[in-house]
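# Residue-level structural notes
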Amino acid sequence: VVFKGKIAGRGKNLYCGRKMEDAGIRIQTVTVRFGDSPAIPGVWTKDGFDAKSAAETVRTAMRMAPDSLFFLTLLIDAYPEFSEEHPDEVWRIADGRIVWGNQTHANFWFDKSKFRSKHWPWISNHSKVLREAVKRNITALVEQLKKEGLSKRIVGVHLGGYHDHQFSTRHMDCSKPAIAAFREWQKRKYGKVKWRDAPAFSKDVTYFTPERDQAQIDFYTFLKVGPFEMQENLARHIKHSFGKDIVMLRWCMAAFGGTYGS
């Protein structure tokens with residue numbers, strides 16, 4: 001049994017680790033949100049990554065449960081201005097419209113005029129620019145945890161972020177990073193690139209058949225496994241940074257839910 005603790009609200013720390021530890025639950029999680037947002041504070045802004053504040057969040061949780069071991073939940077979302085700094089990395093649907101979201105969900109609409117102030121363009125799950133920036137943040141955080149003697153009680157890392165914090169494919173991703181990653185995926189599967197761009201999808205087709213729709217089947221498959229491949233890449237970096245055996249965890253977005261987001 002693992003207690004998934006919650007730290008929420010700007011300037012607030014809500015963590016019940018002491019009571020859970022007293023009840024015998026000795027594996028707990030503490031969440032560090034990377035990207036700062038209007039609703040929920042983060043340690044990564046346009047001015048840089050604050051590893052000391054991130055470590056302090058971990059220290060506070062550990063003080064509440066001094067005899068427990070910990071998983072870190074790292075929500076790796078970028079800060080809102082990241083999309084302005086890297087417009088080619090933004091998540092786009094097939095007709096070029098941008099996918100907007102808040103600190104947790106990518107919503108149904110794509111018209112900026114309909115959005116509240118707490119939404120911004122999201123970055124593609126396939127963006128290697130984001131991935132490398134996240135790796136730098138992880139390196140800085142782990143170094144700070146080691147420096148403060150906190151890494152010894154960390155036995156695992158849970159990666160989270162973007163839609164529902166589960167990297168769910170809430171909308172189709174036809175961005176530049178996604179198409180580039182799709183070509184790489186084809187090379188691994190076929191040894192060559194068979195489709196250079198995202199295939200068209202007909203509203204009249206309910207079920208795909210390999211004889212007619214292999215490109216569509218491949219693109220859907222790629223969109224589902226791509227975020228997990230991204231997490232695997234980050235997991236290897238995290239394990240290397242800690243330099244010890246740790247467990248990696250992920251959410252699974254309704255694997256048998258039967259919806260597009262699953």
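An account of the accompanying structure is given in this report. (Residues numbered from 1 in each chain as written. Predicted model: local features only at pLDDT ≥ 70, side-chain atom pairs only at ≥ 80, totals over all residues. Heavy atoms only, no water.)

## Remarks on the overall build of the protein chain
Counting its regular elements, the protein chain contains 6 helices and 9 strands. A compact globule built from 262 residues would reach a C-alpha radius of gyration of about 18 Å, and the protein chain, at 20 Å, matches this within 12%. A principal-axis box enclosing the C-alpha atoms of the protein chain has dimensions of 60 × 40 × 30 Å. The buried share among the 262 residues of the protein chain stands at 48%. Of the contacts made within the protein chain by residues no fewer than 6 positions apart, 72% connect residues no fewer than 24 positions apart. Accessible area of the protein chain: about 13,600 Å², with a carbon and sulfur share of 53%. Charge centroids of the protein chain, computed over 42 positive and 29 negative side chains, lie 2 Å from each other. (Helix = DSSP H or I, 4+ residues; strand = E, 2+ residues; numbered from the N terminus. Rg over C-alpha atoms; globule rule 2.2 N^0.38 Å. Buried < 20%, exposed > 50% of the residue type's maximum accessible area, 1.4 Å probe, protein only. Contact = heavy atoms within 4.5 Å. Areas by Shrake-Rupley, 256 points an atom, 1.4 Å probe, with all protein chains shown as cover. Lys, Arg positive; Asp, Glu negative; His and termini not counted. Charge placed at Lys NZ, Arg CZ, Asp CG, Glu CD.)

## Regarding the nonpolar core
Counting residues in each nonpolar core, the largest one holds 49 residues, and the members touching the most others are F34, W44, L72, L74, I76, L145 and F242. Contributing elements (two or more residues each) for this core: β2 (27-33), α2 (51-64), β5 (69-75), α4 (128-147), β8 (154-160) and α6 (210-242). Considering each element in turn, this core owes the most residues, 7 residues, to α4. One finds M172, F182, F219 and L223 within the second-largest nonpolar core, a separate group that totals 9 residues. (Core = buried A, V, L, I, M, F, W, Y, C linked by side-chain atoms within 4.5 Å.)

## With respect to the sheet that holds β5
Judged by pairing direction, the sheet is parallel, and its 5 strands sit side by side in the order β1-β2-β5-β8-β9 without closing on themselves. The outermost strands of the open sheet, each flanked by one partner alone, are β1 (3-4) and β9 (247-250). Across 7 bridges, β2 lies against β5 in parallel orientation. Residue T29 lies in a different strand from β5, and its bridge partner there is F71. Running over the sheet, α6 touches β5, β8 and β9 and is turned about 155 degrees from β8. (Pairing = 2+ DSSP bridges. Axes fitted to C-alpha atoms, helices over the stretch in contact; angles between N-to-C directions.)

## A closer look at the packing of α4 against α6
Remark: α4 packs on α6, axes separated minimally by 10 Å, with the N-to-C direction vectors making an angle of 25 degrees. Taken together, the axis directions place α4 and α6 in an arrangement best described as roughly parallel. In terms of crossing hand, the pair formed by α4 and α6 is right-handed. Of the residues in α6, those in contact with R131, V134, K135, I138, T139, V142, L145 and K146 of α4 are M230, N233, L234, H237, I238, S241 and F242. Tallied by class, the residues present in the contact of α4 with α6 amount to 8 nonpolar, 4 polar and 3 charged. (Parallel < 35°, antiparallel > 145°, perpendicular 65-115°, else oblique. Left-handed = near helix turned anticlockwise from the far one by under 90°. Nonpolar A, V, L, I, M, F, W, Y, C, P; charged D, E, K, R; others polar.)

## Examining the packing of aromatic side chains
Within this structure, the stated rule accounts for 16 aromatic pairs. A connected cluster of aromatic rings, assembled from ring pairs, spans F182, W185, F201, F208, F219, Y220 and F222. The ring of Y190 carries the charged tip of K194 above its face, separated from the ring centre by 4.5 Å. It is R250 that lies over the ring of F228; its NZ or CZ is 4.2 Å from the centre. (Phe/Tyr/Trp six-rings, centres within 6.5 Å; stacked < 30°, edge-to-face > 60°. Lys NZ or Arg CZ within 6 Å of the ring centre and 35° of its normal.)

## A closer look at the packing of helix α5 (residues 176-190) against α6
Closest axis-to-axis distance for the α5/α6 pair is 10 Å, and the angle between their directions is 105 degrees. Here α5 lies roughly perpendicular to α6, going by the angle between them. Residues A178, I179, A181, F182, W185, R188, K189 and Y190 of α5 form the contact with α6, whose participating residues are Q214, D218, F219, T221, F222, V225 and E229. By residue class, the composition of the contact of α5 with α6 is 9 nonpolar, 2 polar and 4 charged.

## Some details on the side chain of H158
Of note, H158 is situated in strand β8. Ignoring any residue separated from it by four or fewer positions in sequence, one finds H158 in contact with K4, L72, T73, L74, L249, R250 and W251.

## Observations regarding the pairing of β8
β8 sits mainly inside the fold: 6 of its 7 residues count as buried. Looking at chain direction, β5 and β8 are connected through 6 bridges and run parallel. Each bridged residue has a counterpart across the sheet, and for T73 the counterpart in β8 is H158. Alignment of β8 against β9, held across 4 bridges, turns out to be parallel. Looking across to β9, one finds that L159 is bridged to R250.

## A word on the side chain of S127
Structurally, S127 is set in the loop between β7 (120-121) and α4. Of the polar contacts made by the side chain of S127, one reaches the backbone nitrogen of V129; its length is 3.4 Å. Ignoring sequence-local partners within four residues, the contact set of S127 consists of E89 and P177. (Polar contact = N/O pair within 3.5 Å; in protein donor to acceptor, adjacent residues only side chain to side chain.)

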